[in-house]
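Per-entry structural report
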Amino acid sequence: MIPRRASGAVFAALVGLVVLAGPASAHTELESSSPAEGASLATAPAQVQLTFGEPVTLPPDPVKVTGRDGTAWQIGAATVDGGVVTVPVTPSGTAQAYTLTWQVVAKDGDNVTGTVHFTLTGAASAAPPAASGSAAPTPTLDSVGIPAWIWALVAIAGLLAVIVVGVRQLRGRR
């Protein structure tokens, strides 16, 4: 009788581990950017480029560039090629510190955000953003994963199953 109960408890624990073990929840990280973090530029760039560790998709308005004085740059249509996001910009403003704020959607469906800080040592010129002939990419199964909230529901269901089996095992001992 004891080996049967012990095997039931071991089985329940294994089922709980399998159900609760989901994919790694780490999100993609920004690997590099142009302009780079902390860069000091004599002239303003005509585009910004962000490189991520895995393919990403873009939400509306994925990039903003603002100066310390609140001056905002005009942003063109962003494109993405795997993990590389390219955005044409029309710089405006004086020599000052700027913050590039970005947002992308990771493979698991979660939004990932961050900032890149850089400084212009000369006034920004107002060159028009480069035209983009390509439309926004269509998400594919490789670039859009299962949303985190679904994994949370699976984890809760697995935890409840382990609790129910554990309670039944304890009641059987009495």
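In this convention, every chain numbers its residues from 1, walking through the sequence in written order. Only residues with pLDDT of at least 70 get local features here, since the model is predicted, and only at 80 or more are side-chain atom pairs given and counted; chain-wide, interface and lining totals rely on the full set of residues. In computing side-chain values, all of the structure's heavy atoms are included and hydrogens and water are not.

1. Quick notes on unusual backbone geometry
That bond from Ser34 to Pro35 is cis: its omega, 10°, falls within 30 degrees of zero. Helix and strand definitions follow DSSP, with helices as H or I runs of at least four residues and strands as E runs of at least two, each counted in order from the N terminus. Mapped onto the secondary structure, Pro35 falls in the loop between β1 (30–34) and β2 (39–41). Non-glycine residue Asp61 carries a positive phi angle of around 50°. Tracing the backbone through its elements, the reader meets Asp61 in the loop between β3 (47–52) and β4 (63–67). Whether a residue is buried, partly exposed or exposed follows from its accessible area with a 1.4 Å probe, protein chains only, as a fraction of its type maximum: under 20%, in between, or over 50%, in that order. Judged by relative accessible area, which is 62%, Asp61 ranks as exposed.

2. Topic: the packing of aromatic side chains
Centres within 6.5 Å are what make two rings of Phe, Tyr or Trp a pair, Trp counting through its six-membered ring; a difference in plane orientation under 30 degrees is then read as stacked, over 60 as edge-to-face, and the rest as tilted. Per the counting criterion, the structure on display carries four aromatic pairs. With a centroid separation of 5.1 Å and 50° between ring planes, the pair formed by Trp73 and Tyr98 is classed as tilted. Placement of Trp73 in the loop between β4 and β5 (74–75) and of Tyr98 in strand β8 (residues 97–105) is noted, with a sequence separation of 25 residues between them. Taking the relative accessible area as the measure of exposure, Tyr98 reaches 1% and is therefore buried. With a centroid separation of 5.9 Å and 20° between ring planes, the pair formed by Tyr98 and Phe118 is classed as stacked. Taken together, the positions of Tyr98 in strand β8 and Phe118 in strand β9 (residues 111–120) put the pair 20 residues apart, joining distant regions of the chain. The buried category is assigned to Phe118, whose relative accessible area is 2%. Clustering of aromatic rings is evident, with ring pairs tying together Trp73, Tyr98 and Phe118.

3. A short note on the confidence of the model for the protein chain
Counting all residues, the mean pLDDT for the protein chain is 79, and 69% of those residues have values of 70 or more. Values of pLDDT, ranging from 0 to 100, describe the predictor's confidence in every residue of the model. The contact criterion used throughout is that any non-hydrogen atoms of two residues lie within 4.5 Å. Of the regions scoring below 50 in pLDDT, residues 127–144 engages in 21 contacts with residues more than four places distant in sequence or in other chains.

4. Some thoughts on the sheet that holds β4
The strands that make up a sheet pair up through hydrogen bonds in the backbone, lying either parallel or antiparallel. One open sheet holds the four strands; their spatial order is β2-β9-β8-β4, and the pairing between them is mixed. If you trace the sheet from one side to the other, it starts and ends with β2 and β4, each paired once. The mean inter-strand angle of the sheet, taken between neighbouring strand axes irrespective of direction, is 30°. The pairing of β8 with β9 spans nine bridges and is antiparallel. In the sheet register, Val105 faces β9, and the bridge partner there is Asn111. Pairing between two strands requires that DSSP report at least two bridges joining them. Angles shown run from 0 to 180 degrees and are taken between the N-to-C directions of axes, each axis being a line fitted to C-alpha atoms and, for helices, limited to the stretch in contact.

5. Focus on the environment of Thr94
Among the secondary structure elements, Thr94 is positioned in the loop between β7 (84–90) and β8. Expressed as a C-alpha distance, the spacing of Thr94 and Arg68, which sit 26 residues apart in the sequence, is 9.8 Å.

6. Observations concerning a nonpolar patch on the surface
Together, Leu153, Ile156, Leu159, Leu160, Ile163 and Val167 give the surface a local cluster of nonpolar side chains, amounting to about 540 Å² of exposed area. Structurally, Leu160 is set in helix α2 (residues 148–173). For patch building, the residue pool is restricted to those with more than 30% relative accessible area and no salt bridge; the joining distance is 9 Å between like charges and 5 Å between nonpolar side chains (Val, Leu, Ile, Met, Phe, Trp, Tyr). The protein chains shown are the only cover counted for residues, whose accessible areas, like all others here, come from Shrake-Rupley with a 1.4 Å probe. Throughout this description, the term salt bridge denotes a Lys or Arg side-chain nitrogen within 4 Å of a carboxyl oxygen of Asp or Glu.

7. Structural notes on the nonpolar core
To qualify as a nonpolar core, a set must consist of buried Ala, Val, Leu, Ile, Met, Phe, Trp, Tyr and Cys residues joined through side-chain atoms within 4.5 Å. Ranked by internal contacts, the top residues of the largest apolar core, which has 23 residues, are Val63, Trp73, Val85, Leu100 and Trp102. When sequence neighbours within four positions are dropped, the list of residues in contact with Val63 reads Val48, Leu50, Ile75, Val87, Leu100, Thr101 and Trp102.

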